[in-house]
Amino acid sequence: MTSIKSINTNYKKPIITTKNTGYAATGALILTATTAYCKNKTLRKSHKILGIISALLTLLHIGTVEYLHHKCKKL
């Protein structure tokens, strides 16, 4: 007879996934666009900072997509 092995239920899902990074990059892009069209001067000052954050999150998203693409391609 064969014995049944228990399934490891302690598996934690990773936080950095393509879906999460894509949503973060899109959200930052929307915030950057709204600060560009806003007439409030205090919000307009944050446009440059939000643009940099948006670019970094987009690069993180592209990096995770490419990493997972090459990781799955090797299998």
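Here, residues in each chain are numbered from 1, in the same order as that chain's written sequence. With the structure being a predicted model, the display of local features is reserved for residues of pLDDT at least 70 and the display and counting of side-chain atom pairs for 80 or more, all residues being used for whole-chain, interface and lining totals. Hydrogen atoms and water are omitted, and side-chain values are computed over all heavy atoms in the structure.

Asks: Just checking my understanding: could you explain the overall build of the protein chain for this structure?
Replies: A tally of regular secondary structure across the protein chain gives three helices and zero strands. Strands are runs of DSSP state E lasting at least two residues, helices are runs of H or I lasting at least four, and both sets are numbered from the N terminus onward. Its helices and strands in sequence order give the protein chain the pattern α-α-α, from N to C terminus. Each radius of gyration reported is based on C-alpha atoms, and the globular scaling rule is 2.2 Å times the count of residues to the power 0.38. Relative to a compact globule of 75 residues, whose C-alpha radius of gyration would be 11 Å, the protein chain shows 20 Å and is clearly more extended. Projecting the C-alpha coordinates of the protein chain onto the three principal axes gives extents of approximately 75 × 25 × 15 Å. Think of it in three bands: residues with accessible area under 20% of the maximum for their type are buried, residues over 50% are exposed, and the middle band is partly exposed, with areas taken using a 1.4 Å probe on protein chains only. Evaluated residue by residue, the protein chain yields a buried proportion of 12% over its 75 residues. We call two residues in contact when some of their heavy atoms are within 4.5 Å. Counting contacts in the protein chain only where the partners sit at least 6 residues apart, residues at least 24 apart contribute 57% of the total. Computed with a 1.4 Å probe, the accessible areas rest on the Shrake-Rupley method; for each residue, only the protein chains presented here act as cover. Just so you have it, the protein chain exposes about 7,000 Å², and 67% of that area is on carbon and sulfur atoms.

Asks: Looking at this model, I keep getting lost on the side chain of Thr 21. Mind explaining?
Replies: On the secondary structure map, Thr 21 appears in helix 1 (residues 18-37). Residue class for Thr 21 comes out buried when judged on its relative accessible area of 5%. Side-chain polar atoms of Thr 21 contact the side chain of Thr 64, separated by 3.5 Å. Once you skip the residues sitting within four places of it in the chain, Thr 21 turns out to touch Ile 16, Leu 57, Leu 60, His 61 and Thr 64. As used in this structure description, the phrase polar contact means that two N or O atoms lie within 3.5 Å; if the pair is within protein, one of them must be able to donate a hydrogen and the other to accept it, and residues adjacent in sequence are counted only when both atoms belong to side chains.

Asks: I'm lost on the confidence of the model for the protein chain in this one. Help?
Replies: If pLDDT is low for a region, its predicted coordinates should not be looked at in detail. A residue's pLDDT is simply how confident the predictor is in it, with values from 0 to 100. On average, residues of the protein chain score 86 in pLDDT, and 91% of them reach the 70 mark or higher. Looking over the protein chain, one finds the lowest element-wise mean pLDDT in helix 2 (residues 41-45), namely 83, and the highest in helix 1, namely 93.

Asks: Please explain the packing of helix 1 against helix 3 (residues 47-74) as it appears in this structure.
Replies: A pair of packed helices is captured by two measures, namely the crossing angle of their axes and the spacing between those axes. Lines fitted to C-alpha atoms define the axes here, with helix axes fitted over just the stretch in contact, and angles between the N-to-C directions of these axes take values from 0 to 180 degrees. Axis separation between helix 1 and helix 3 bottoms out at 8 Å; the angle between their running directions is 160°. Of the possible angle classes, the one that applies to helix 1 and helix 3 is roughly antiparallel. The handedness of the crossing between helix 1 and helix 3 is left-handed. Residues Thr 18, Thr 21, Gly 22, Ala 24, Ala 25, Ala 28, Leu 29, Leu 31, Thr 32, Thr 35 and Ala 36 of helix 1 pack against His 47, Leu 50, Gly 51, Ser 54, Leu 57, Thr 58, Leu 60, His 61, Thr 64, Val 65 and Leu 68 of helix 3. Here the contact of helix 1 with helix 3 is composed, by residue class, of eleven nonpolar, eleven polar and no charged. Relative orientations are named as follows: roughly parallel for angles under 35 degrees, roughly antiparallel for angles over 145 degrees, roughly perpendicular for angles from 65 to 115 degrees, and oblique for any other angle. Note on convention: near helix rotated counterclockwise from far helix by under a right angle means a left-handed crossing. Clockwise means right-handed. Here the term charged refers only to Asp, Glu, Lys and Arg, the term nonpolar to Ala, Val, Leu, Ile, Met, Phe, Trp, Tyr, Cys and Pro, and the term polar to all other amino acids, Gly among them.

Asks: I would appreciate a short explanation of a nonpolar patch on the surface in the present structure.
Replies: A grouping of Ile 52, Leu 56, Leu 59 and Ile 62 is seen on the molecular surface, where their side chains present a nonpolar patch of about 410 Å² in accessible area. Turning to its location among the elements, Ile 52 is positioned in helix 3. A patch consists of residues whose relative accessible area exceeds 30% and which take part in no salt bridge; residues with like charges are grouped when within 9 Å of each other, and nonpolar side chains (Val, Leu, Ile, Met, Phe, Trp, Tyr) when within 5 Å. The salt bridge definition used is simple: a Lys or Arg side-chain nitrogen within 4 Å of an Asp or Glu carboxyl oxygen.

Asks: What is the right way to look at helix 1 in this model?
Replies: Each full turn of the α-helix corresponds to 3.6 residues, which orients residues three or four apart in the same direction. The terminal C-alpha atoms of helix 1, which comprises 20 residues, lie 29 Å apart, in line with the 28 Å expected from a rise of 1.5 Å per residue. Along helix 1, the residues that are buried comprise Thr 21, Gly 22, Ala 25, Ala 28, Thr 32 and Thr 35. Burial along helix 1 is one-sided: seen end-on, the buried residues are contained in an arc of 160°. The outward face of helix 1, more than 90 degrees from its buried face, is lined by the exposed residues Lys 19, Tyr 23, Ile 30 and Tyr 37. Take the number of residues in a helix, subtract one, and multiply by 1.5 Å to get its expected span. Directions pointing from the helix axis toward each C-beta atom define the arc.

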